[in-house]
Amino acid sequence: MNNPFIELGIRHDIVNAITELGFENPTPIQEQSIPVLLTGSNDFVGLAQTGTGKTAAFGLPLLELLDFEENYPQALVLCPTRELCLQITNDLKNYSKNLKNANVVAVYGGASISDQLRQIKRGVQIVVATPGRMLDILDRKAIDFSQVQYVVLDEADEMLNMGFQEDIDSILSNTPEDKKTWLFSATMPAEVRRISKKYMTDPYELTMGTKNTGNANIEHEYYIVRARDKYAAFKRIVDFNPEIFGIVFCRTKIETQEIAESLVKDGYNADALHGDLSQQQRDKVMKRYRERSLQLLIATDVAARGIDVNDVTHVINYSLPDEIENYTHRSGRTARAGKSGVSISIVNSKEIGKIRQIERVIGKKFIKGEIPTGFDVCEKQLFGLIHKVHNVEVNEQQIEQYLPRIMDEFADLSKEDVIKRFASIEFNSFLEYYKNAPDLNVPEDTRASRDGGEKFPRTGNRSDFTRLFINLGSVDGFSRGDILGYFCNQTGISGRTIGKIDVKGVYSFIEVANGDVDTAFNAFKSVENHGRQVRIEISADGDRVSNRGEGRGSFAGGSNYRSGRREGGGGFRGNSDRNNNGGGFRDFSGKRREDRGERRKKY
Ligand code: AMP
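Residues numbered from 1 in each chain as written. Predicted model: local features only at pLDDT ≥ 70, side-chain atom pairs only at ≥ 80, totals over all residues. Heavy atoms only, no water.

Novice: Looking at this model, I keep getting lost on the overall build of the protein. Mind explaining?
Specialist: Helix and strand counts for the protein come out as 25 helices and 20 strands. Across the 603 residues that make up the protein, the buried fraction comes to 53%. Partitioning the contacts of the protein with sequence separation of at least 6, the portion at a separation of at least 24 is 76%. When the accessible surface of the protein is summed, it comes to about 27,500 Å², and 46% of that surface belongs to carbon and sulfur atoms. (Helix = DSSP H or I, 4+ residues; strand = E, 2+ residues; numbered from the N terminus. Buried < 20%, exposed > 50% of the residue type's maximum accessible area, 1.4 Å probe, protein only. Contact = heavy atoms within 4.5 Å. Areas by Shrake-Rupley, 256 points an atom, 1.4 Å probe, with all protein chains shown as cover.)

And the structure:
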């Protein structure tokens with residue numbers, strides 16, 4: 001069977017190059033835009049998120065359409081940031097590596113202009129540029145755009161946000177009237193609509209998903225906390241997600257710097273990215289982030305524009321953006337190339353209205369999250385550690401020589417004791433840190449009274465809900481969205497009628513409308529997940545539901561969990577020996593360490 005890119009009309013030399021990059025099948029936007037753009041006869045508007053493969057969607061047709069025997073600029077790609085400019089240039093160079101005499105030059109501020117001028121002079125067919133530096137070079141009359149046939153405006157909404165409208169006008173006035181313009185934008189605010197009208201005639205319009213809609217693979221969550229608890233809540237979320245590789249957005253450079261400094265002091269791998277850093281400093285931070293020496297990148301909107309790093313697991317809105325449109329750009333930094341991701345917003349109760357506005361713009365509901373309790377964090381970390389132990393690759397050859405001595409050292413301990421001690425090594429310090437950790441969630445009542453009436457369905461009238469326990473949780477690989485999807489699939493209950501979902505380590509809670517309780521019980525009579533019987537029960541955690549226990553037997557296991565946690569006695573291991581140090585939650589307590597940074601660095 002032919003390669004699908006060949007079938008779309010891309011030549012072998014290019015297909016060979018992109019195959020090496022791992023492109024086996026076109027992404028949806030590539031599938032739909034390549035045939036249109038290859039005709040070379042249309043203006044084009046593509047509404048698509050970053051991370052959908054749009055660089056190749058316009059890049060591959062460009063490479064097919066240009067004449068590489070000629071050495072003058074035939075295509076101009078304008079984009080908002082230096083990072084994106086370098087990214088696009090690099091991508092185009094990779095796609096065209098088997099094409100003779102194909103030259104792509106990156107033109108951007110903050111780097112030597114003479115190098116860029118030299119490259120232009122040598123001969124180039126594709127110029128990828130940020131508007132400011134491009135205009136500078138045009139003003140110097142150092143480039144001739146009179147034979148440009150294609151102009152790509154990438155991330156057009158970002159360029160307008162950044163105030164490049166006039167620069168774009170001036171640059172385009174240097175290009176021929178009959179060129180074709182291809183515009184890509186993640187969102188379609190009125191300004192982008194206006195420029196598409198201004199620069200294009202009857203463009204072919206392609207919308208991937210709904211207008212302004214974010215990537216479907218992104219789960220949006222919000223957490224309500226008091227302003228003064230924001231940093232502590234943020235750290236809890238991070239601790240609850242030990243594998244996090246995230247971008248944290250702040251509103252100002254100062255906030256960015258402060259958060260990054262506090263995080264470093266507290267032992268996290270974090271650094272700031274903002275406009276007050278020199279280009280060199282920014283490059284250094286980005287290099288560390290790409291290499292994953294940094295786990296958290298704390299950035300302003302402007303500095304983070306165009307960042308293309310795959311596998312970002314979480315975007316955290318430490319502060320909501322001033323402009324709603326920016327929310328889509330922020331969240332688009334995760335869930336790239338078909339992966340999934342989470343976009344978290346930490347807000348105070350006055351900001352709930354903004355969440356509702358964002359929901360309307362992106363056409364997607366947020367899931368309301370509860371800041372994990374100290375216990376939740378400890379449990380998550382513990383099982384993270386247990387999984388690590390389970391999956392560690394043993395170097396049999398190296399360890400073999402030490403085994404007799406190790407066995408000897410443990411001779412007086414039972415297998416259970418050894419396991420307990422290994423688990424406790426790192427777990428103890430988390431317990432220590434979180435032992436008196438307060439609940440950081442804003443109480444429901446306070447929230448409701450300030451909420452201005454408008455209610456998200458999941459937090460609607462709570463007396464209408466019954467809180468169910470389900471014996472699946474994060475250790476089974478379930479996120480809130482997964483639980484929601486799984487539960488609705490099994491029961492046929494609509495996701496819109498589901499209330500709050502709390503995912504714990506080995507279990508979760510899910511609120512269902514009272515009228516759906518029987519349906520749920522019937523649906524889970526004989527359901528298995530990976531060979532384990534899935535159980536649901538009415539939660540006995542009465543203080544969380546207003547209609548607790550109504551006529552149904554309470555859940556013994558759930559009750560143990562909860563009372564165990566509150567009293568600090570029972571612990572998560574139901575069969576623990578309370579007299580034995582290490583058996584229960586309370587028993588791990590020790591002297592609290594002042595130096596949190598030292599504690600945290602261990603992880
Ligand atoms: P972009 O939206 O162009 O920034 O692309 C996002 C990511 O998806 C980049 O890392 C690309 O290399 C990758 N990508 C683009 N097209 C494909 C494809 N057809 N198959 C696999 N990966 C792709």
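Novice: I would appreciate a short explanation of the sheet that holds strand β6 (residues 180-185) in the present structure.
Specialist: Strands belonging to one sheet form pairs held by backbone hydrogen bonds; the direction of such a pair is parallel or antiparallel. Taken in spatial order, the 7 strands of this open sheet run β3-β4-β2-β5-β6-β1-β7, and their pairing is parallel. Here the strands that pair on one side only, and so sit at the sheet edges, are β3 (104-107) and β7 (204-207). The mean angle between the axes of side-by-side strands here comes to 15 degrees, regardless of whether they run parallel or antiparallel. Sheet topology note: the strand β1 (residues 44-47)/β7 ladder contains 4 bridges and is parallel. Each residue of the ladder has a partner; that of F44, found in β7, is Y204. Across the sheet, helix α10 (residues 190-199) is in contact with β1, β5 (150-153), β6 and β7; its angle to β6 comes to roughly 170 degrees. (Pairing = 2+ DSSP bridges. Axes fitted to C-alpha atoms, helices over the stretch in contact; angles between N-to-C directions.)

Novice: Help me understand the sheet that holds strand β15 (residues 465-470) in this model?
Specialist: One open sheet accounts for 4 strands, arranged β16-β17-β15-β20; its pairing is antiparallel. Edge positions in the sheet fall to β16 (501-503) and β20 (536-538), since each of these pairs with one other strand and no more. Going from strand to strand, the sheet's axes swing by 30 degrees on average, the running direction of each strand aside. Strand direction decides the pairing type here: β15 and β20, joined by 3 bridges, are antiparallel. Residue pairing in the sheet places L468 in a bridge with I538 of β20. Along the sheet, helix α22 (residues 480-491) makes contact with β15, β16 and β17 (508-513), crossing β16 at roughly 120 degrees.

Novice: Looking at this structure, I do not really get the site of the ligand. What am I missing?
Specialist: Contacts to the ligand come from 15 residues, most closely from N25, Q30, G51, G53 and T55. Within the backbone of T52, a nitrogen or oxygen atom sits 3.1 Å from an oxygen atom of the ligand. In this structure, G53 approaches the ligand through a main-chain N or O atom, which is 2.8 Å from an oxygen atom. For the ligand, whose free accessible area comes to 490 Å², the fraction covered by protein is 82%. For the shell around the ligand, the residue count by class is 4 nonpolar, 9 polar and 2 charged. The two domains that each donate at least three residues to the shell around the ligand are domain 1 (4-207) and domain 2 (218-372). (Near = heavy atom within 4 Å. Polar contact = N/O pair within 3.5 Å; in protein donor to acceptor, adjacent residues only side chain to side chain. Nonpolar A, V, L, I, M, F, W, Y, C, P; charged D, E, K, R; others polar. Domains from an automatic or database assignment.)

Novice: Just checking my understanding: could you explain the packing of helix α7 (residues 131-139) against helix α9 (residues 165-172) for this structure?
Specialist: In a packed pair of helices, the relevant descriptors are the angle between the two axes and the axis-to-axis distance. Across the interface, α7 lies against α9 with an axial gap of 9 Å and an inter-helix angle of 40 degrees. As summarised for this structure, α7 and α9 are arranged oblique, according to the angle between their axes. Crossing of α7 against α9: the hand is left-handed. Along the contact surface, α7 presents P131, G132, M134, L135 and L138, while α9 presents D167, S170 and I171. Across the contact of α7 with α9, the residue classes tally to 5 nonpolar, 2 polar and 1 charged. (Parallel < 35°, antiparallel > 145°, perpendicular 65-115°, else oblique. Left-handed = near helix turned anticlockwise from the far one by under 90°.)

Novice: Would you take a moment to explain the packing of aromatic side chains for this structure?
Specialist: Aromatic ring pairs are defined here through the distance separating the ring centres and the angle between the ring planes. Overall, the coordinates contain 17 aromatic pairs when judged by the stated rule. Judged by centre distance (5.4 Å) and plane angle (45 degrees), the ring pair of F58 and F184 falls under tilted. In this pair, F58 sits in helix α4 (residues 54-65) while F184 sits in strand β6, placing the two residues 126 residues apart along the sequence. Given the relative accessible area of 0%, F184 is considered buried. Residues Y231 and F234 carry aromatic rings whose centres are separated by 6.4 Å and whose planes lie at 45 degrees to one another, so their mutual orientation is tilted. Placement of both Y231 and F234 in helix α11 (residues 230-240) is noted, with a separation of 3 residues, approximately one turn of the helix. Owing to a relative accessible area of 0%, F234 belongs among the buried residues under this scheme. Every member of this aromatic cluster is reached through a ring pair, and the members are F44, F58, F184 and Y204. The residue whose ring lies beneath K380 is F240, and the NZ or CZ to ring-centre distance is 4.3 Å. (Phe/Tyr/Trp six-rings, centres within 6.5 Å; stacked < 30°, edge-to-face > 60°. Lys NZ or Arg CZ within 6 Å of the ring centre and 35° of its normal.)

Novice: Explanation requested: the pattern of salt bridges in the structure shown.
Specialist: Any two side chains of opposite charge can pair if their charged atoms end up close together. Within the structure shown, the criterion is met by 23 salt bridges. For E291, the salt bridge identified is with K287, shortest N-O distance 3.1 Å. Residue E359 pairs with K365 through a salt bridge whose shortest N-O separation is 3.8 Å. By relative accessible area, which is 6% here, E359 ends up buried. Look at the salt bridges and you will find they share partners, linking K54, D154 and E155 into a network. (Salt bridge = Lys/Arg side-chain N within 4 Å of Asp/Glu carboxyl O.)

Novice: Looking at this structure, how should I read unusual backbone geometry?
Specialist: The phi torsion of most residues other than glycine is negative, and most of the peptide bonds are trans. Despite not being glycine, N101 has its phi angle at roughly 65 degrees, a positive value. By secondary structure assignment, the location of N101 is in the loop between α5 (82-95) and β3. Its identity as a non-glycine residue notwithstanding, R292 has a phi of 70 degrees, on the positive side. Mapped onto the fold, R292 is located in the loop between α13 (279-290) and β11 (296-299).

Novice: What is the right way to look at a nonpolar patch on the surface in this model?
Specialist: Nonpolar side chains collect at one region of the surface, where V392, V394, I399, Y402, L403, I406 and M407 lie side by side and expose about 600 Å² of accessible area between them. With respect to the helices and strands, the residue V392 is situated in the loop between α17 (374-391) and α18 (396-400). Here V392 falls in the exposed class, since its relative accessible area comes to 52%. (Patch = residues over 30% accessible without salt bridge, like charges linked within 9 Å, V, L, I, M, F, W, Y side chains within 5 Å.)

Novice: Is there a simple way to think about α13 in this case?
Specialist: The periodicity of an α-helix, 3.6 residues per turn, causes residues three or four positions apart to be oriented the same way. The end-to-end C-alpha separation of α13 is 16 Å, in line with the 16 Å expected for 12 residues at 1.5 Å each. Inspection of α13 places Q279, R282, V285, M286 and Y289 among the buried residues, and these make up the whole buried set. Buried positions in α13, seen along its axis, are confined to an arc of 125 degrees and lie on one side of it. Seen from the open side of α13, the exposed residues pointing more than 90 degrees away from its buried face are Q280, K284 and K287. Downstream of α13 by one or two residues, R292 has phi in the positive range, about 70 degrees. (Expected span 1.5 Å × (residues − 1). Arc of directions from axis to C-beta.)

Novice: So what exactly am I meant to see when it comes to the nonpolar core here?
Specialist: It is characteristic of soluble globular proteins that their nonpolar side chains tend to be buried jointly. With 41 residues, the main nonpolar core has F58, L60, I126, V128 and W182 as its most contacted residues. Among the elements that take part in this core, α4 stands out by supplying 6 residues, more than any other. Within the second largest apolar cluster, 33 residues are counted, among which are V107, V151, M188 and M200. (Core = buried A, V, L, I, M, F, W, Y, C linked by side-chain atoms within 4.5 Å.)

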